[in-house]
Amino acid sequence: MKYCHHCAAPLALRIPEGDEKERFCCPGCDTIFYSNPKNVVGTLPVYQDQVLLCKRAIQPRVGKWTLPAGFMENGESSLDGALRETQEEAGAEVAVSDNSLYTLFNLPAINQVYMFFRAELLSLDFDPGVESLEVALFREAEIPWQEIAFPVVRSTLEHFFADLREQHFPVRMFDVHHGEDRSITTHLISRS
Ligand SMILES: [Zn+2]
């Protein structure tokens, strides 16, 4: 961000009075521009003992498999955003129950929060959107574990198949830490 959205003056990065962090501040109209984490929302679409995955057509991780998910839009709820992304990326019609929230990941290193909702596939008539090369159902033994795009997706899938055996699906929250050696570790912080 270089220029003010309101008066087009060049912005300065400084700590506003009474604040503790540097913000982009406009010397022209005194507007302070805050940058806050983004929410990524998606579903874990399930059909019997299979889950739906999308092969990514876009960067990052082109050709890797993921759950349908994307950035929340202004004016929508997290669940509505997850259902929209599921339609856009997989062309999949799903239904959710009233205990659909399943995993939440805090990723402070990249300023994101991920939320996944469990959903039931209503039809096998799905269709990859422009962001997917392919959409397919996988049983646990068929999951391409070496080809999963993101650790949050891997963790959600691992917990799902373990929970499926117990027929119990608690809500879990994790903190994801990015190490300096590019390692990524996931810590369980809370579960219902
Ligand atoms: Zn301004």
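Rules and cut-offs
Residues numbered from 1 in each chain as written. Predicted model: local features only at pLDDT ≥ 70, side-chain atom pairs only at ≥ 80, totals over all residues. Helix = DSSP H or I, 4+ residues; strand = E, 2+ residues; numbered from the N terminus. Buried ≥ 20, exposed ≤ 12 C-beta atoms within 10 Å, placed from the backbone. Core = buried A, V, L, I, M, F, W, Y, C linked by C-beta atoms within 7 Å. Contact = placed C-beta atoms within 7 Å. Expected span 1.5 Å × (residues − 1). Domains from an automatic or database assignment.

### A few points about the overall build of the chain
Right, so step 1: When helices and strands are tallied, the chain shows two helices and 13 strands.
Right, so step 2: If one aligns the C-alpha atoms of the chain with their principal axes, the spans along those axes are about 60 × 35 × 35 Å.
Right, so step 3: Relative to its full complement of 192 residues, the chain shows a buried share of 27%.

### Quick look at unusual backbone geometry
Right, so step 1: A cis amide bond links glutamine 59 with the next residue in sequence, proline 60, at an omega value of -5°.
Right, so step 2: Within the secondary structure, proline 60 is located in the loop between strand S5 (50-56) and strand S6 (65-66).
Right, so step 3: Backbone geometry at asparagine 111 places phi at a positive 55°, although glycine is not the residue there.
Right, so step 4: When you line up the elements, asparagine 111 lands in the loop between strand S9 (101-107) and strand S10 (112-121).
Right, so step 5: Since 10 C-beta atoms lie within 10 Å of it, asparagine 111 is described here as exposed.

### As for the nonpolar core
Right, so step 1: In terms of nonpolar packing, the biggest core is built from 34 residues, with Leu52, Tyr114, Phe116 and Val153 touching the most fellow members.
Right, so step 2: Contributing elements (two or more residues each) for this core: strand S4 (38-47), S5, helix H1 (78-90), S9, S10, helix H2 (151-166) and strand S12 (172-178).
Right, so step 3: With six residues, S10 is the single largest residue contributor to this core.
Right, so step 4: Excluding residues within four positions of it along the chain, valine 153 makes contact with Thr66, Leu67 and Ile148.

### So, H2
Right, so step 1: Relative to the 22 Å expected for 16 residues at 1.5 Å per residue, H2 spans 23 Å between its end C-alpha atoms, a close match to the ideal helical length.
Right, so step 2: Considered for burial, the residues of H2 that qualify are Val152, Val153, Ser155, Thr156, Leu157 and His159.
Right, so step 3: Phi turns positive, to about 55°, at glutamine 167, one or two residues after H2.

### Brief notes about the domain arrangement of the chain
Right, so step 1: Taken as a whole, the chain is organised into domain 1 (1-35) and domain 2 (38-191).
Right, so step 2: Computed from C-alpha atoms alone, the centre-to-centre distance between domain 1 and domain 2 is 36 Å.

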